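Listed here are the chains, written in short residue letters.
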Amino acid sequence: MIRFISLFAVIFCLGLSPALAQDDAYEAYLNGRTTSKNRNKTSSIAAGNKTFNYKERYLQDAGASFYWFDVNTFFGPANIALPGVNYIGRLVLNKNPDRYSLSIGTHPTLGIQFGNFASYFLLTVPVMLEGNIGMGSSIYNEAQIGAFVGLGPEYSLARSWGEFAIPFRTDQVAPVGSAGIRFRIRGRGYYLRYSEALWAPVQGQYFRTVAFGNSLF
């Protein structure tokens with residue numbers, strides 16, 4: 001199971017991302033030159049094309065994240081919070097995703113904190129099936145706001161080291177749920193995502209994550 005999730009994440013993050021990069025959409029995002037008229041025209045052309053266009057269906061987001069979780073110690077539960085980075089890559093599955101869509105993808109998140117006496121590392125790699133509505137349901141959706149919910153397995157790897165570090169070691173697979181919104185401010189796309197482990201094995205951890213960043217479509 002762990003190998004499957006890791007392989008899936010590698011394919012999405014290292015394979016599909018460069019190969020399926022949305023050149024036109026990303027350039028329009030950076031330069032702000034895309035108009036609703038041009039998008040609607042392109043959308044109509046894409047709607048008439050019956051082929052499965054990966055370039056148009058692979059959507060990406062990237063931003064910052066914030067983890068928190070509890071660790072049992074000799075003195076009782078201790079809360080740990082870690083800053084990190086978040087990447088989202090997902091593939092839209094249904095043929096007509098103008099208003100709503102079903103997508104599959106991954107949003108690996110890396111949290112890390114270094115110190116002279118205590119350091120912490122956390123990596124989570126979920127495989128998520130998500131339902132999307134409004135903005136982000138497809139590359140051509142012109143809505144100013146959208147929402148999504150998702151569910152899937154997540155692999156988590158966590159370590160701590162250092163003289164004064166709270167000792168913990170996690171290597172687990174657990175189901176995780178996610179929900180969030182996407183919105184535009186002055187033509188730029190953003191997302192706010194929350195995810196939480198729904199169950200954890202014995203001696204495992206319930207990881208919770210908030211991520212915020214830019215939608216690159």
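Here the structure is a predicted model, which is why all the values come from computation and not from measurement. (Residues numbered from 1 in each chain as written. Predicted model: local features only at pLDDT ≥ 70, side-chain atom pairs only at ≥ 80, totals over all residues. Heavy atoms only, no water.)

Overview of the packing of aromatic side chains
- Considering all chains together, one arrives at nine aromatic pairs under this definition.
- Geometrically, the ring pair formed by Tyr190 and Phe212 is stacked, given 6.0 Å between the ring centres and 0° between the ring planes. Placement of the pair is Tyr190 in strand β9 (residues 188-197) and Phe212 in strand β10 (residues 208-215), with a sequence separation of 22 residues.
- Look at Phe212 and you get partly exposed, because its relative accessible area is 42%.
- An aromatic cluster of at least three residues, connected via ring pairs, comprises Phe69, Tyr120, Phe168 and Phe207. (Phe/Tyr/Trp six-rings, centres within 6.5 Å; stacked < 30°, edge-to-face > 60°. Helix = DSSP H or I, 4+ residues; strand = E, 2+ residues; numbered from the N terminus. Buried < 20%, exposed > 50% of the residue type's maximum accessible area, 1.4 Å probe, protein only.)

Examining the pattern of salt bridges
- If you walk through the whole model with that rule in mind, you get one salt bridge.
- Two residues, Arg193 and Glu130, come together in a salt bridge whose shortest N-O distance is 2.7 Å. Of the two residues, Arg193 is situated in strand β9 and Glu130 in strand β6 (residues 128-134); the sequence distance between them amounts to 63 residues. Glu130 matches Arg193 in its accessibility class, with the two residues each being buried. (Salt bridge = Lys/Arg side-chain N within 4 Å of Asp/Glu carboxyl O.)

Looking at the pairing of strand β5 (residues 119-126)
- Most of β5 is tucked away: six of the eight residues are buried.
- When strand β4 (residues 109-113) meets β5, the two strands line up antiparallel, connected through five bridges. Bridging from a neighbouring strand, Leu110 pairs with Leu123 of β5.
- Looking at chain direction, β5 and strand β7 (residues 145-161) are connected through eight bridges and run antiparallel. Residue pairing in the sheet places Leu122 in a bridge with Ala158 of β7. (Pairing = 2+ DSSP bridges.)

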